[in-house]
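# What the coordinates show
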Amino acid sequence: MSTVLATRGVSKYFSGIMALDRVTLEVNAGERVGLIGPNGAGKTTLFNCILGVLPVEVGEVELNGEDITSLPVHHRARKGIGRTFQQIELFADSTVRDHLVIAYRANRPRWAVVHDLLTLGRPRPEEMEASDDVLELLGLQGLADEPVERLSLGQGRLLEVARTLMTNPDVVLLDEPSSGLDRRETAALAETLVEIQAERGFAVLLVEHDIELVSSFTTRSYLLDFGHLLTSGPTEEVMASPEMRAAYLGTAVVA
Amino acid sequence: MPAIRSGRSTVFRLLALLAAMAMLFSACGNSDDGDDASPTTAATDNGDEGDEGAAGGAEIGSAVIGEGPHGEFESIEGVPGVTDEEIHVALLSTGDANPIGYCLLQCQADGIQAYFDWRNAQGGIHGRQLVLDVIDDEFANNQLRAAEIIDGGEHFAVIGSPIMGTGFIDLTDAGVPVFASAVQSDMANGVNNMYTPVGTVCITCPAKRNIWPVKDSGASKVGILGFGIAQASKDCVAGQKASFDKWGGPQGIEAVYVNDDLPYGLPNGVGPEVSAMKRAGVDFIMTCLDQNSVKTIEEELSRQDMGDVPLVLPNAYGDEEYLTQNAELLEGDYIGLMYRPLEANQAGTDLEALVEQMSAAGSAINDWAIISWINADQLFRGLLAAGPQFDQQKVVDSINSFTATTSGGLTHAIDWTRQHNAITPDDLVTNAPAQECFAYVQVQDGKAVLMGDADKPHFCWDPADEDWKEPVPTSFAAE
Amino acid sequence: MILAVSVVTDFFQAVLQGVPPGTVYALVAIGFVLTYKTSGVFNFAFGAQAFASMVLFHKAADEWGWGTVPAAILSVLIFAPLLGFLLEWAVFRHLRTAPPLSTLVVSLGLTVAIPSLVTILLDFSPKSGSSPHGVVPDGRTVRYDPFGVYPFSRDELVATIVAIVAVLGLAALFRFTPVGLMMKAVVESPRMTELNGISADRVSAGAWALSSFFAGLAGVLIAPRFTTFSANEYFNIMVIAIAAAAVGKLVSLPWAFGGGLGLGVVIALVSTFLPRWTDEFAWLKPVQENVLPSIPFVVLFGVIVFVPGLRKAIGSSDPLAGVDPPRQNVASVITSAGWMFLALKAVLLLGAVAVVYTQADRTWTLLVTQAVAMGIIFLSITIITGLAGQISLCQGAFAAIGAFAVYQLGEVRGMSVLVAVVIGGAIAAAVAAALSLTLRQLTGIWVAIATLAFAFFFDAVLVKQSWIGGDSLARSRIPRPVIGTIDFQDDSNFLLLAVIVLAVCALGVYLFSRGTTGRKLRALGGSEIAARSVGISPSRARVAAFALSGFLAAVGGGMLVIGQGSVNYGTSFVPFLALFWLIVVVTFGVRQPSGAIVAAAFFILFESVFLKGEIFGWILRGEDNIPSFFPLAPDWRYILFGLGTIQYARHPEGVLAMSAAKRRARSERRAADKVVVDSAAELGTPA
């Protein structure tokens, strides 16, 4: 199995405070990997380092074997990293279709000006097709022309996923997708994720607090706490490990 | 959804609608008046009658005009600004919106009004009274106001020296006679219906008058200062420098410090510049700056122990407040005038009338007022010479036939057959007046004191003379 | 040996000569930093506040005969803090959660409005020859020479001492007292401060009073350095002060002080020594001519671009910001509901044009042509600010590039003027693109400041170059184009041509907005991080927007000067005016092309139609019936539009979109009501 995404010894400091300490992890092609740990462990920080939002002074980030540590965010995105956000990030004043179209176009640079003049800025047929496919995949068909302000939180999260799919990513970073969703919505989300991952075959690195979602969706997991990688392995094993208990529940002994 | 406040948007919509409609209706309204009236409508044949007018006209330029009545009344149709009772003249200049703070509009209006009052009291011209309409171009709207004047057809001529005369070109193109000042020389060059007090001036040309005050003060090392941002200022510096380069040597005078790059407003002060002048041994300073900047320089000179160095001051003539408030700083400074100073003997010139009229009106008698009086006089003489069936073209032709007009003894003799074109640095003679004259006063104890002979206050040079000589004291008063 | 000593003395003397102007810069810089630290607002209007106190001081001292000390107390200790209270209560308190760019626009509006308001209310008109004086008696004439090298006047010494005391005192205030900490806390998170039992409103009011007091103090102290009482001087000095403040990354008072003093000294040193080197090395002459006036702006630009850590976004990262309800978003592309309305607008516009073409006389034709040209310029603002979300304060410079290109190529070189317009547009586009590339790492406010620095640089250095501004603009007569047999010398014909150009540009803006780059820009505006995460390159999109914006501004500038027949840089394109353009466009709606066009109409016609009272003459049927308080001073234009920016901060979509949104909300409500009524009818129950 080839390694799609890898971080090698990534450390991150904020004004002397250490947020990540020599974190090394790997995600292989088509794999679903979990990244768990208590709040403040540094999971989102690691995502930001992988994507390039935060600069990395120590360590490397590799994508498909290529060192991308010094590339800007949009280059990394074009090379195959997708990401969703813990606090949902949608484009205001746009419709669902607009989101998908712009993600599509951003990754396939062409003589945009000429095309724009010919189509007067409206989406082109192949864009319509691709976005329709993705919408169907995520169960959002029928919402194509809705302004995103009208979507529910769950729909919005699915739209974020749909948006990344339009860029044909090799690996998708999912940042707490179930945050703010109730049990029913989370279950539906889990189901959808499994389907589309099976269909499109991208790798997933999932940050989550919902234990059920992590257990059902991921095969392998990493445990992060205070910026340190405590343990890793098959997800059930990590869940049952003493490090896991210590990280989430503490080590105090109750007499 | 939070409620959107409604008030302002409705108001704006209403305003927008009203604006659009007002625009349409105003446009409809104006078109009736102005549409076909082109300023030079008088269909009289210029050919034959022009000769007669011209012959009489040339004399009128230099004649002493008596008490009146002036001209004859005849009915005229279709001449803009002319009715059976009145001739309307526009003053187009800049009022309070003037960033430099000079008194332009008001002072120019005062000068013209004084002249009009004088002539009107004598019966007016061609049986009509001269009426002045004051139009403020508010600094930015000169071209628009000019367009209104052209369209309106209610003004015969335009007098004025605004800060930016962008509309003057349109006015002259439309055949309106325009009377401006030396500031508009660039615009007036070669334009046969635009007049300035002493003929079109060449700012970049060397001028003999610049040598005189330096010699008078006994100085030998001259500093010249101008702004970098204003082309007029740079041209002025160039002209001054050329004067000393050409004629300074034999007089033992040299321009040792030339700076035409001062930043406008002098935000950083002039400390280093004055220090540099001190090091160069400057003992006289020529300025191409405004009054306020000169004050700053004087203060810095005083600070660096150069308070005795004389300057030539811009435009400050007649500004009593400026002179008295800054008496110490300005002590020993010179002011140059292209007209006869008030401090000279006024008999035999129109200065007497000028002083009388302006004092009666309570107006300040300063540089702009006097220049505007001269403008008004030029127009008047043109009207007189053009005869009772006058129009704009005839007046222009008349003035252009004057070969030696002095505006009532106020200036040296101007030859309008040649002096619409300015002299050039290569040819200082062809378009020069017969005598190039200038007057100087000096500030002493906060007052202007005449330099030279009170009866012959003009210092005159012969333009054809290659070398600089002591000027000939001259008077242009009537004998 | 003697030479060496004299150079050292000269050096020392130059340093001393730089202190008085440096103190001025330092005072304003300190005040500016103080405002920023205590209120979080990038207060451009600091200079205007200083001007207001200065005017009151002179009015009281000179005209009302109060004497300097009572006048100083009135203007600095009473009026200035009161003004601060008023600004905080009426304006800035409501902008705490507004994005920093909105607050910048509001402060720009106040910069424009306050001087005009003060001038009118106090009936103030500057007089040539009488210069501002200071607070101490004989301030200008009594001098002290502590080093025996260069004497300082009393005014200057007082100012320097006050600056030193201020910087030390304020630094101590922030370091050692809870007051400073409280103010900073309120800036960062008003809600959290309140949760800790401190009234954010009270602290905020106090902060504004303090910084406004300092503005008044600075205003009165620096007045003697200026040769005139012009509000312009106080505006120009803001740019230099920002350069000094930027040295301290906007938050360090000692660095602001040092930066200001340093600037003054550096300028004095360069003024002293560069001419000497030019005497020896003649090739330095162009450097000398251009370096001196450009030093503050080059410093500012350099600091912004090269100092790291300045790129950190200005604006609060308030953890409790999410508590506010989300701001209402109004669609920036008018959807199908507006079809009929759009058509109606087009018909109205064409109708107006037709009437003007056939009926208007020269004056109105000229005016409307100017409005059309300004419309093209304003479209550039729609692109760069409305679409790309950047505040560019150098649109005047771009427009001037177009104007000068037409003059140089069209008149001086005899090229076809329309071709010259296009070339001018291309040049401006290139300049804009280069500028944008240089600034691509910067966030909103710094882009604004950098563009302002560029505008001033253009104004101070580039305009006077003979290959740009030319040597004799006075007699210039820019020819009108000739296409085939149509001669556009006829003003009405040229108006039509201008309208066609405007229509093409508006269409271009519309297409650009709906096209790929437009979509990318909107995505970046919606969520920059998400946009980047799908592969959108922010710098490329913004460079494209800047380039188009430069092109449009230049085309508008070119058309403007062809219409007028000459280039009038001083009344058409100076930096202050470009500021005002932004404000007018923002008031009417910066996100749609129609906003720009309406704004241009208002900008040009406002004076003639409203300020002159002509509209009342029409309503009341007769010019004689115009109420006597007309014509209003042109200042009112600045006041009304300047204050209008306050409206902008609450409704960034602008007036036009606001009414469009209300219309849609109304129709939706009607539809909803209809549903209720229908279903009630069906169910047989009352609605």
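Because the structure is a prediction, the values reported are computed rather than measured.

Definitions and limits used
Residues numbered from 1 in each chain as written. Chains lettered and ligands numbered in written order. Predicted model: local features only at pLDDT ≥ 70, side-chain atom pairs only at ≥ 80, totals over all residues. Helix = DSSP H or I, 4+ residues; strand = E, 2+ residues; numbered from the N terminus. Buried ≥ 20, exposed ≤ 12 C-beta atoms within 10 Å, placed from the backbone. Rg over C-alpha atoms; globule rule 2.2 N^0.38 Å. Contact = placed C-beta atoms within 7 Å. pLDDT = per-residue confidence, 0-100. Pairing = 2+ DSSP bridges. Axes fitted to C-alpha atoms, helices over the stretch in contact; angles between N-to-C directions. Domains from an automatic or database assignment. Nonpolar A, V, L, I, M, F, W, Y, C, P; charged D, E, K, R; others polar. Core = buried A, V, L, I, M, F, W, Y, C linked by C-beta atoms within 7 Å. Expected span 1.5 Å × (residues − 1). Bend = angle between axes of the 7 residues up to and from the residue. Right-handed = clockwise from strand over helix to strand, strands pointing away. Parallel < 35°, antiparallel > 145°, perpendicular 65-115°, else oblique. Left-handed = near helix turned anticlockwise from the far one by under 90°.

Right, let's talk about the overall build of chain B for a bit. Secondary structure summary: chain B contains 15 helices and 14 strands in total. For chain B, the residues scored as buried account for 57% of the 479 residues in total.

In terms of regular secondary structure, chain A is built from ten helices and ten strands. Taking 18 Å as the expected radius of gyration for a compact globule of 255 residues, we find that chain A reaches 19 Å, a close match to that expectation. Residues classed as buried in chain A amount to 45% of the 255 residues present. Pairs at least 24 residues apart make up 68% of the contacts formed inside chain A by residues separated by at least 6 positions.

The predicted coordinates of low-pLDDT regions are not to be read in fine detail. Residues and elements named next belong to chain B. Here chain B shows a mean pLDDT of 86. Residues at 70 or above account for 87%. Taken together, the stretch residues 1-55 has pLDDT below 50 and engages in 83 contacts with residues farther than four places along the chain or on a different chain. Scoring of the predicted complex yields 0.86 for pTM and 0.91 for ipTM.

What follows is about the confidence of the model for chain A. Per-residue confidence for chain A gives a mean pLDDT of 87; residues scoring 70 or more make up 95%. Of all the helices and strands in chain A, helix α4 (residues 112-119) of chain A carries the lowest mean pLDDT, 70, while strand β8 (residues 203-207) of chain A carries the highest, 94.

Residue and element names in this part refer to chain A. Pairing is mixed in the open sheet, where six strands are placed in the order β6-β7-β8-β3-β9-β10. Each end of this open sheet is capped by a strand with a single partner; those strands are β6 (81-83) and β10 (228-234). With strand direction ignored, the average angle separating the axes of adjacent strands in the sheet is 20 degrees.

All names here are of chain A. When its domains are assigned, chain A resolves into domain 1 (1-80 + 169-255) and domain 2 (89-167). A C-alpha centroid distance of 26 Å is found between domain 1 and domain 2. Counting from both sides, the interface comprises 13 residues of domain 1 and, opposite them, eleven residues of domain 2. Of all the secondary-structure elements, those providing two or more residues to the side of domain 1 that touches domain 2 are α2 (73-79) and α7 (183-200). Residues that form the side of domain 1 that touches domain 2 fall into these classes: seven nonpolar, two polar and four charged.

With 431 residues, the main nonpolar core has A29, I30 and L300 of chain C as its most contacted residues. Once residues lying within four places of it in the same chain are set aside, the contact partners of I30 of chain C are A163, A166, V167, L253, A256 and F257 of chain C.

Okay, the interface of chain A and chain C next. In this assembly, 29 residues from chain A lie in contact with 22 residues from chain C. Within the residue set of the side of chain A that touches chain C, elements represented by two or more residues are α2, α3 (96-107), α4 and α6 (153-165) of chain A. Of all the elements, α3 of chain A adds the most residues to the side of chain A that touches chain C, at six residues. Looking at side-chain class alone, the side of chain A that touches chain C contains 14 nonpolar, six polar and nine charged residues.

Now for helix α4 (residues 100-121) of chain C. Residues and elements named next belong to chain C. Its 22 residues place the ends of α4 30 Å apart at the C-alpha level, agreeing with the 32 Å of an ideal helix rising 1.5 Å per residue. A113 marks the point of greatest bend in α4, at about 25 degrees, and the proline P115 comes within the next four residues. Of all 22 residues that make up α4, 18 are buried, and the element is covered over most of its length. Of the residues flanking the end of α4, it is D123, one or two places downstream, whose phi is positive at about 55 degrees.

Residues and elements named next belong to chain B. Of all the seven residues making up strand β6 (residues 221-227), six are buried; the element is thus mostly covered by neighbouring parts of the structure. Alignment of β6 against strand β7 (residues 254-262), held across six bridges, turns out to be parallel. What sits directly across from I224, in β7, is V258. Where the polypeptide runs from β6 across helix α8 (residues 231-247) and back to β7, its parallel neighbour, the crossover connection is right-handed. Where β6 and strand β8 (residues 284-288) come together, five bridges link them in parallel fashion. Of the residues in β8, the one forming a bridge with G226 is C288.

Right, let's get into the sheet that holds strand β5 (residues 66-67) of chain A. All names here are of chain A. Taken in spatial order, the four strands make up an open sheet running β2-β1-β4-β5, and their pairing is antiparallel. The sheet is open, and its two borders are formed by β2 (17-28) and β5, each paired with just one other strand. In the sheet, strand β4 (residues 58-63) pairs with β5 via two bridges, with the strands oriented antiparallel. Its bridge partner being in β5, E62 is matched across the sheet by D67.

Our focus in this paragraph is unusual backbone geometry. Notably, F226 of chain A is not glycine yet its phi reads approximately 50 degrees, a positive angle. Assignment of secondary structure puts F226 of chain A in the loop between β9 (220-225) and β10. With a phi angle near 55 degrees, D445 of chain B is a residue other than glycine that sits in the positive phi range. Along the chain, D445 of chain B turns up in the loop between β11 (436-444) and β12 (447-450).

Residue and element names in this part refer to chain A. Looking at where A130 falls in the secondary structure, it is placed in helix α5 (residues 125-137). By the C-beta count within 10 Å, which is 20 here, A130 ends up buried. Measuring from C-alpha to C-alpha, the distance between A130 and H99 comes to 12 Å, with 31 residues separating the pair along the chain.

Moving on, we get to helix α9 (residues 271-280) of chain B. Inspection of α9 of chain B places G271, P272, E273, V274, S275 and M277 of chain B among the buried residues, and these make up the whole buried set. In the segment just after α9 of chain B, G281 of chain B is the residue with positive phi, at about 80 degrees.

When two helices pack together, their arrangement is given by the angle between the helix axes and by the axis-to-axis distance. All names here are of chain C. Contact geometry of helix α13 (residues 362-387) with helix α14 (residues 395-412) gives a least axis separation of 11 Å together with a crossing angle of 135 degrees. The angle between the axes of α13 and α14 places the two elements in the oblique class. Here α13 runs over α14; the crossing is right-handed. Packed against α13, whose contacting residues are I377, S380 and I381, the element α14 presents Q395, F398 and A399 at the interface. For the contact of α13 with α14, the class distribution of residues is four nonpolar, two polar and no charged.

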